[in-house]
Amino acid sequence: MLVRLLTFAAGAAGLTALALAAGPAGPAEEGRRAEWRAEYLPPASIPFPESNPYSPAKAELGRRLFFDPILSGDQTRACVSCHRPDLAWGDGRARAATREGGEMDLRSPTLLNSAWQDGPLGWDGKFRSLETVSRVPIAAPSNMNLKLSDAVARLSADDGYRDAFAAAFGDPAVSTDRLEAALATFERLIVAGKAPFDRWITGDEDAIPASAKRGFDLFNGRAGCAGCHSGWSFTDNSFQDIGTATGSDIGRGRLMPSSVALQYAFKTPTLREVDRRAPYMHDGSVATLSAVIDLYDRGGIDRPSRARQIKPLNLTPAEKADLLAFLATLTAEADREETSTVFPPDAPKP
Ligand code: HEC
Ligand code: HEC
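Residues numbered from 1 in each chain as written. Chains lettered and ligands numbered in written order. Predicted model: local features only at pLDDT ≥ 70, side-chain atom pairs only at ≥ 80, totals over all residues. Heavy atoms only, no water.

Note the following rule: UniProt positions are given in the numbering used here, feature names are shortened, and annotations may be inferred rather than shown by experiment.
In the nomenclature of an unreviewed UniProt entry, the protein chain corresponds to Cytochrome c peroxidase from the organism Methylobacterium persicinum. Quoted verbatim from the Subcellular location (unreviewed entry) field of UniProt, the annotation for the protein chain is "Periplasm".

Structure, rendered in structure tokens:
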């Protein structure tokens, strides 16, 4: 991101002044707009964990691995097959394709802003950290179908990769942990591009239309969306039951059987680039954003696990349109082919 951070004090004062300048008091929610806006300022830099610090050579190795079919048994798949830069780092399908021509149970999630996911990853939180994801798709028989020991052997036999591992880690030894560390370092550089919303947040009043501003008020106010889709990346990185999944599709409940709140709970996805990432939800079951809004308006299945914010909202058609207008401002400018920024290896900052 090239958005410049306002200092907190200057930012808050500026936003208050802008809100006052916006004219006569509208609905009560509008009065809180300045306060809400301060919650969405872009971060100052990309966070990297102490256990896997950034280095240009490691990021470059990760980048190469991400795009290389060498990590699949028959060399036909790579990470990029399902996490495509031109599709906001998802694959545009309802559910990911198996190698045999069928479908997995889950949709490929976007990798945008993975660096800010400080909790478990995966729709149900099955991955402890970004450093423990890659081994799963690589080894899964219906996905990339390459034994980890074979992946290590293949890379070790390739002079180019031996050199790249030596540059990244000090010696040419290839291991699953190093492979994970390099891929995770690259993935942390995948950051949502600057959207009209960001220009508005940092002070450009004309960056988004009035309907989107009303949608922002609803999002933070009466509709309760920001209770879960919070902050710059629009996620609380936690797991919630929004009252839609049924049957054995219990999400995090499978891993946390004794928690009532985690039955039917799935990870709150980021809403960055959301209008480019249809279809929606962990199983791709909702085709359009307007259908997503209708679903929240109905309030989902009333059951013990359902999050307290989820309830019938009684939104008017105009309010639904405002929410949609707001969501559209989270997509980076349309004249760009790729609406994310993969940072050059020497510049780990938003
Ligand atoms: C066939 C498509 C496919 C391929 C190939 C694939 N993935 Fe994924 N990826 C998925 C799906 C589906 C999920 C959701 C899995 C889950 O929630 O259990 C996922 C989840 C993830 C996540 C967690 C994201 C989040 O926000 O929770 C990361 C990170 C990731 N993949 C990275 C990779 C990397 C790195 C590779 C290459 C080694 C890769 N993927 C290969 C489909 C794919
Ligand atoms: C209680 C927490 C919570 C609240 C409140 C909430 N969401 Fe969500 N949202 C989620 C979760 C969890 C998912 C993923 C559910 C799934 O995959 O089945 C989700 C999914 C979405 C998606 C689909 C994104 C994608 O990539 O698939 C959109 C769009 C969305 N929410 C918008 C909203 C809007 C608009 C509101 C307010 C009307 C809202 N959410 C309120 C937790 C919440």
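## Points about the site of ligand 1
Here is the rule we go by: Note on definitions. A residue lies near a molecule or strand when any single heavy atom of the residue is within 4 Å of it. For the purposes of these results, a polar contact is taken to be a pair of N or O atoms within 3.5 Å, where, inside protein, one atom must be able to donate a hydrogen and its partner to accept one; residues adjacent in sequence count only when each atom of the pair is a side-chain atom.
The local shell around ligand 1 holds 27 residues, among which Cys79, Cys82, His83, Gly122 and Lys126 are the closest. Here an oxygen atom of ligand 1 and a backbone polar atom of Gly122 are 2.6 Å apart.

## A closer look at the packing of aromatic side chains
Basically, it comes down to this: Only rings of Phe, Tyr and Trp enter the pairing, Trp through its six-membered ring, and a pair is recorded when the two centres are within 6.5 Å. The plane angle decides the type: under 30 degrees is stacked, over 60 is edge-to-face, the rest tilted. Under the scheme used here, helices are H or I runs from DSSP no shorter than 4 residues and strands are E runs no shorter than 2 residues, and both carry numbers assigned from the N terminus. Only protein chains enter the accessibility calculation, which uses a 1.4 Å probe. A residue is then buried if its area is under 20% of the maximum for its type, exposed if over 50%, and partly exposed in between. Criterion for a charge above a ring: Lys NZ or Arg CZ within 6 Å of the ring centre, and within 35 degrees of the ring normal.
The final tally for this structure, using the stated rule, is 20 aromatic pairs. Here Phe197 and Phe326 contribute two aromatic rings whose centre-to-centre distance is 5.8 Å and whose plane-to-plane angle is 75°, an arrangement assigned as edge-to-face. Here the residue Phe197 occupies a position in helix 9 (residues 196–201), and Phe326 occupies one in helix 12 (residues 317–328), the gap between them amounting to 129 residues. Its relative accessible area of 0% is what places Phe197 among the buried residues. For Phe326, a relative accessible area of 0% translates into the label buried. Within the aromatic cluster, the residues linked to one another by ring pairs are Tyr40, Phe197, Trp200, Phe216, Phe219, Phe234 and Phe326. Above the plane of the ring of Phe239 lies Arg252, whose end atom (NZ or CZ) is 4.7 Å from the centre.

## Observations regarding the side chain of Thr235
Heads up, the rule is: Pairs of residues are marked as contacts when any of their non-hydrogen atoms sit within 4.5 Å.
With respect to the helices and strands, Thr235 occurs in the loop between helix 10 (210–220) and strand 2 (239–240). A distance of 2.7 Å separates a polar atom in the side chain of Thr235 from the backbone oxygen of Thr268. With near-sequence residues (within four places) excluded, Thr235 lies in contact with Cys228, His229, Ser230, Thr268, Pro269 and Thr270.

## Quick look at the site of ligand 2
Note the cut-off: Gly falls in the polar group here, along with every residue not listed as nonpolar (Ala, Val, Leu, Ile, Met, Phe, Trp, Tyr, Cys, Pro) or charged (Asp, Glu, Lys, Arg).
Neighbouring residues of ligand 2: 26 residues in total, closest Cys225, Cys228, His229, His282 and Tyr296. In this structure, an oxygen atom belonging to ligand 2 sits 2.8 Å away from a side-chain N or O atom of Arg107. The contact in question runs from a nitrogen atom of ligand 2 to an N or O atom on the side chain of His229, over 2.9 Å. Contributing elements (two or more residues each) for the shell around ligand 2: strand 3 (266–267) and helix 11 (289–298). In terms of residue count, helix 11 provides more of the shell around ligand 2 than any other element does, four residues in total. Its residues placed into classes, the shell around ligand 2 shows 17 nonpolar, six polar and three charged.

## Some details on helix 10
A large share of helix 10 lies buried, amounting to eight of its 11 residues. For helix 10, every residue scored as buried is listed here: Ala212, Lys213, Gly215, Phe216, Asp217, Leu218, Phe219 and Asn220.

## Here's the deal with the coordination of the iron atom of ligand 2
This is how the line gets drawn: A donor here means any N, O or S atom no more than 2.8 Å from the metal (3.2 Å for Na, K and Ca); water is not included, so a site may seem to lack partners. Irregular is the default label, applied whenever a site is not tetrahedral (four donors, all angles between 85 and 135 degrees) and neither square planar nor octahedral (four or six donors, opposite donors over 155 degrees apart, all other angles between 65 and 115).
Ligation of the iron atom of ligand 2 by protein atoms is provided by His229 (NE2) and Tyr296 (OH), these donors lying 1.9 to 2.1 Å from the ion. Each of the six donor atoms around the iron atom of ligand 2 contributes to a set of angles spanning 83 to 179°, which defines the coordination as octahedral. You can see His229 sitting in the loop between helix 10 and strand 2 and its partner Tyr296 sitting in helix 11, a full 67 residues away along the chain. Overall, Tyr296 belongs to the partly exposed group, its relative accessible area being 24%.

## Quick look at the coordination of the iron atom of ligand 1
Four donors placed tetrahedrally around a metal ideally meet at 109.5 degrees, and six donors placed octahedrally ideally meet at 90 or 180 degrees. Looking at the protein side alone, the iron atom of ligand 1 has one donor only, His83 (NE2), at 2.1 Å. Looking at the secondary structure, you find His83 in the loop between helix 4 (56–66) and helix 5 (135–139).

## Structural notes on the environment of His282
Within the element layout of this structure, His282 appears in the loop between strand 3 and helix 11. Judged by relative accessible area, which is 6%, His282 ranks as buried. Expressed as a C-alpha distance, the spacing of His282 and Gly122, which sit 160 residues apart in the sequence, is 9.4 Å. Setting aside its immediate chain neighbours within four residues, His282 contacts Asp105, Leu106, Arg107, Trp123, Ala245, Asp249 and Phe266. Here Asp249 takes part through its side chain, which lies 2.7 Å from a polar atom of the side chain of His282.

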